[in-house]
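# Analysis of the macromolecular model
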Amino acid sequence: MKKHIWPAFAFITLAGCNNAAPSSDATPPTIYLLKWERTAAGTQGAQTQIKPGGTFTVPQSWLGLNGATNKADIRIYADDKEGVSLLEVTGASRGVCSTNPDRNGVIYTSSGALNASFPTQTEKTNPGIVRLSMTIHLDGFLADGSCGTHQFANMPSSQPFFLNSGTWTITARAANCCGGITNATFTITVQ
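On a predicted model such as this, the values are computed, not experimentally measured, just so you know.

## Let's talk about the overall build of the protein
Tallying secondary structure elements over the protein gives 2 helices and 12 strands in all. Dimensions of the protein along its principal axes, counting C-alpha atoms only, are 60 × 40 × 30 Å. Taken over 191 residues, the protein has a buried fraction of 40%. A sequence separation of at least 24 residues applies to 70% of the contacts in the protein between residues at least 6 apart. When the accessible surface of the protein is summed, it comes to about 9,700 Å², and 53% of that surface belongs to carbon and sulfur atoms. Of the side-chain charges in the protein, 13 are positive and 11 negative, and the distance between the mean point of each set is 5 Å.

## Concerning the state of the cysteines
Taken as a whole and judged by the stated rule, the model has 2 disulfides. Between Cys97 and Cys147 runs a disulfide, and the two sulfur atoms are separated by 2.1 Å. Judged by the sign of its S-S torsion, about -70°, the cystine formed by Cys97 and Cys147 is left-handed. Within this pair, whereas Cys97 is found in strand S7 (residues 86-98), its partner Cys147 is found in strand S10 (residues 146-150), the two being separated by 50 residues in sequence.

## Describing the side chain of Ser85
Structurally, Ser85 can be placed in the loop between strand S6 (75-84) and S7. We classify Ser85 as buried; its relative accessible area is 16%. A polar atom in the side chain of Ser85 sits 3.0 Å from the backbone oxygen of Asn176. Not counting residues up to four positions away in its chain, the partners in contact with Ser85 are Glu123, Lys124, Thr125, Ile129, Val130, Met134, Ala175, Asn176 and Cys177.

## With respect to the packing of aromatic side chains
Tallied over the entire structure, the rule returns 4 aromatic pairs. Judged by centre distance (5.4 Å) and plane angle (10°), the rings of Tyr32 and Tyr77 are stacked. In this pair, Tyr32 is assigned in strand S3 (residues 30-38) and Tyr77 in strand S6, connecting sequence segments 45 residues apart. When the ring of Phe118 is compared with that of Phe141, the centres are 4.7 Å apart and the planes differ by 20°; the resulting orientation is stacked. In this pair, Phe118 is assigned in strand S8 (residues 114-124) and Phe141 in helix H2 (residues 139-143), connecting sequence segments 23 residues apart. Given a relative accessible area of 4%, Phe118 falls into the buried group. For Phe141, a relative accessible area of 24% corresponds to the partly exposed category. Clustering of aromatic rings is evident, with ring pairs tying together Phe118, Phe141 and Trp168. Sitting over the face of the ring of Phe56, Lys35 holds its NZ or CZ atom 4.8 Å from the ring centroid.

Rules of the game
Residues numbered from 1 in each chain as written. Predicted model: local features only at pLDDT ≥ 70, side-chain atom pairs only at ≥ 80, totals over all residues. Heavy atoms only, no water. Helix = DSSP H or I, 4+ residues; strand = E, 2+ residues; numbered from the N terminus. Buried < 20%, exposed > 50% of the residue type's maximum accessible area, 1.4 Å probe, protein only. Contact = heavy atoms within 4.5 Å. Areas by Shrake-Rupley, 256 points an atom, 1.4 Å probe, with all protein chains shown as cover. Lys, Arg positive; Asp, Glu negative; His and termini not counted. Charge placed at Lys NZ, Arg CZ, Asp CG, Glu CD. Disulfide = S-S within 2.5 Å. Polar contact = N/O pair within 3.5 Å; in protein donor to acceptor, adjacent residues only side chain to side chain. Phe/Tyr/Trp six-rings, centres within 6.5 Å; stacked < 30°, edge-to-face > 60°. Lys NZ or Arg CZ within 6 Å of the ring centre and 35° of its normal.

Structure (structure tokens):
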């Protein structure tokens, strides 16, 4: 793994720039994942870039939910110096799932592993337009992956279950203006 510290403002600036699509683009987009490392003090350390095919583990408590800062802030990027027109990201997992607390504070946990997923997230430009970079944030999906609605023997009714821990397979697809497509897969274990 290669460590990089990237200024956050650079990604906001690049991701927001719309340009006219070129007439040709011989190179497909590059896809990669960026995440913040957690220091011993529980703060953000270096930012790590994960290349396609890469794997890593993240504690559930380090996933940045509800606008939280100082967390993993896991993001999939697609870059192309001539421009990107599409980024799609989806994920599937299998692991231990639980309900949210009911009105009595009771939490039910699955008796075995369940499948979890999140719907395909898409960033797309209008026809004839490209961006230098596109980004999709994953923390919320990884922390609250839906395991479906279930009713086990000790439950009074069916309830939605959410992934507590498991291994996610994240699939990303990016396209440029002119038919260049890149596919990438990442493996993330949430503990």
